[in-house]
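Notes for the structure review
Spelled out, the chains give:
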Amino acid sequence: MQFTSESVEALVEQFTKLPTIGRKTAQRLASYVLKMHREEVVELAKALIAVKDKVRFCPICYNVTDTLPCPICASARRDPGMVCVVEEANDVMAFERTGDFHGVYHVLGGAISPLDNIGPEDLHVRELLARVTRTLALPGEVRARATGFEEGEAPLIHEVILAMNPNVEGDTTAHYLSMMLKPFNVPVTRLARGLPIGGDLEYADEATLARALEGRSSM
Ligand SMILES: [Zn+2]
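To start, this report covers the structure provided alongside it. It should be emphasised that the depicted structure is a prediction, and the values quoted were computed from it without experimental measurement.

1. Details of the coordination of the zinc ion
Only Cys58 (SG), Cys61 (SG), Cys70 (SG) and Cys73 (SG) from the protein reach the zinc ion as donors, at distances of 2.3 Å. Geometry at the zinc ion is tetrahedral, judged from its four donor atoms and the angles of 104 to 116 degrees they form at the metal. Mapping the donors of the zinc ion onto the primary sequence yields the spacing C-x2-C-x8-C-x2-C. Neither residue differs from the other here; Cys70 and Cys73 are each classed as buried.

2. Remarks on the nonpolar core
Core analysis: the biggest nonpolar cluster contains 41 residues, and Val85, Phe95, Val160 and Leu162 have the highest contact counts within it. Only helix H4 (71-74), strand E3 (82-86), helix H5 (89-98), strand E4 (104-107), helix H6 (125-137), strand E5 (159-163), helix H8 (168-181) and helix H9 (206-214) provide two or more residues apiece to this core. The dominant element in this core, judged by the number of residues it contributes, is E3, at five residues. Residue contacts for Val85: discarding those within four places in its chain leaves His106, Leu108, Leu128, Val160, Ile161, Leu162, Ala163, Met164 and Leu177. Grouped together as the second largest cluster of nonpolar side chains are eight residues, Val8, Val12, Ile21 and Ala30 included.

3. Overview of a nonpolar patch on the surface
Side chains of Leu44, Leu48 and Ile49 sit close together on the surface and give an oily, nonpolar patch of about 290 Å² of accessible area. Within the secondary structure layout, Leu44 lies in helix H3 (residues 38-53).

4. Focus: the packing of aromatic side chains
Taken as a whole and judged by the stated rule, the model has three aromatic pairs. Consider the rings of Phe95 and Phe101, whose centres lie 6.5 Å apart with planes at 55 degrees: the pair is tilted. Plain terms: the ring middles of Phe95 and Tyr105 are 6.4 Å apart, the flat faces sit at 45 degrees to each other, and that makes the pair tilted. Of this pair, Phe95 sits in helix H5 while Tyr105 sits in strand E4, and the two are ten residues apart along the sequence. For the pair formed by Phe95 and Tyr105, the shared burial category is buried. Clustering of aromatic rings is evident, with ring pairs tying together Phe95, Phe101 and Tyr105.

5. Let's talk about the packing of helix H1 (residues 6-16) against helix H2 (residues 23-35)
At a minimum axis separation of 8 Å, H1 and H2 run at an interaxial angle of 130 degrees. With respect to each other, H1 and H2 are oriented oblique. Relative to H2, H1 is oriented so that their crossing is right-handed. Across the interface between the two elements, Val8, Glu9, Leu11, Val12, Glu13, Phe15 and Thr16 from H1 touch Arg23, Ala26, Gln27, Leu29, Ala30, Val33 and Leu34 from H2. Residue composition of the contact of H1 with H2, grouped by class: nine nonpolar, two polar and three charged.

6. A word on the sheet that holds E4
The five strands lie next to each other as E4-E3-E5-E6-E7, forming an open sheet whose pairing is mixed. Of all strands in the sheet, those bounded by a partner on one side alone are E4 and strand E7 (217-218). In terms of strand pairing, E3 meets E5 through five bridges, oriented parallel. Note on E5: the bridge partner recorded for Cys84 is Ile161. Packing against the sheet, H5 makes contact with E3, E4 and E5, and its axis sits at approximately 160 degrees to E4.

Rules and cut-offs
- Residues numbered from 1 in each chain as written.
- Predicted model: local features only at pLDDT ≥ 70, side-chain atom pairs only at ≥ 80, totals over all residues.
- Heavy atoms only, no water.
- Donors = N, O, S within 2.8 Å, 3.2 Å for Na, K, Ca; no water.
- Tetrahedral: all angles 85-135°; square planar, octahedral: opposite > 155°, others 65-115°.
- Buried < 20%, exposed > 50% of the residue type's maximum accessible area, 1.4 Å probe, protein only.
- Core = buried A, V, L, I, M, F, W, Y, C linked by side-chain atoms within 4.5 Å.
- Helix = DSSP H or I, 4+ residues; strand = E, 2+ residues; numbered from the N terminus.
- Contact = heavy atoms within 4.5 Å.
- Patch = residues over 30% accessible without salt bridge, like charges linked within 9 Å, V, L, I, M, F, W, Y side chains within 5 Å.
- Areas by Shrake-Rupley, 256 points an atom, 1.4 Å probe, with all protein chains shown as cover.
- Salt bridge = Lys/Arg side-chain N within 4 Å of Asp/Glu carboxyl O.
- Phe/Tyr/Trp six-rings, centres within 6.5 Å; stacked < 30°, edge-to-face > 60°.
- Axes fitted to C-alpha atoms, helices over the stretch in contact; angles between N-to-C directions.
- Parallel < 35°, antiparallel > 145°, perpendicular 65-115°, else oblique.
- Left-handed = near helix turned anticlockwise from the far one by under 90°.
- Nonpolar A, V, L, I, M, F, W, Y, C, P; charged D, E, K, R; others polar.
- Pairing = 2+ DSSP bridges.

In structure tokens, the structure reads:
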């Protein structure tokens, strides 16, 4: 034990469980919490509990949301036929920041990584294929009924954009998905290169991300 208070030590312990937080940073955060006003600490604690209690996964795109479906899937201004497949919810936020994408998303919940024992069955891959099948395989009228849209307006997926991170896991996932999507005859594109290799989409600046989206190519 490094602190003379067990409570402080317990808080440091909890902080170190968070990604990218080492012991030093955890101690700094804990000292900061000690100096915060009680109301602020209560707000922080409430926000932590709210994300667990209120946040749901959208049943269409699997993004995190407080409302079902999520505001993006529910928006009439988005093109439901253009589906951008991303690894994590943070990637959705990165694309939304560019303001250049007007389609919808599909959040996989990670990437295929044999080293970490993560396979396609651990991600929302089945749901993506079901989503594509649902809109492609049905006649217009049935599709309208199944999706709740008017006939003629029922979303027909006309492009699937694979927007995985530019690293080994992302590449593996993109190749796997393009192979699985092939039988459906739906155009599949991939973000243009130019994103820093080995990097994370969520940290790419808006201009780079917008350019990568603009220059996407067929797979
Ligand atoms: Zn959604």
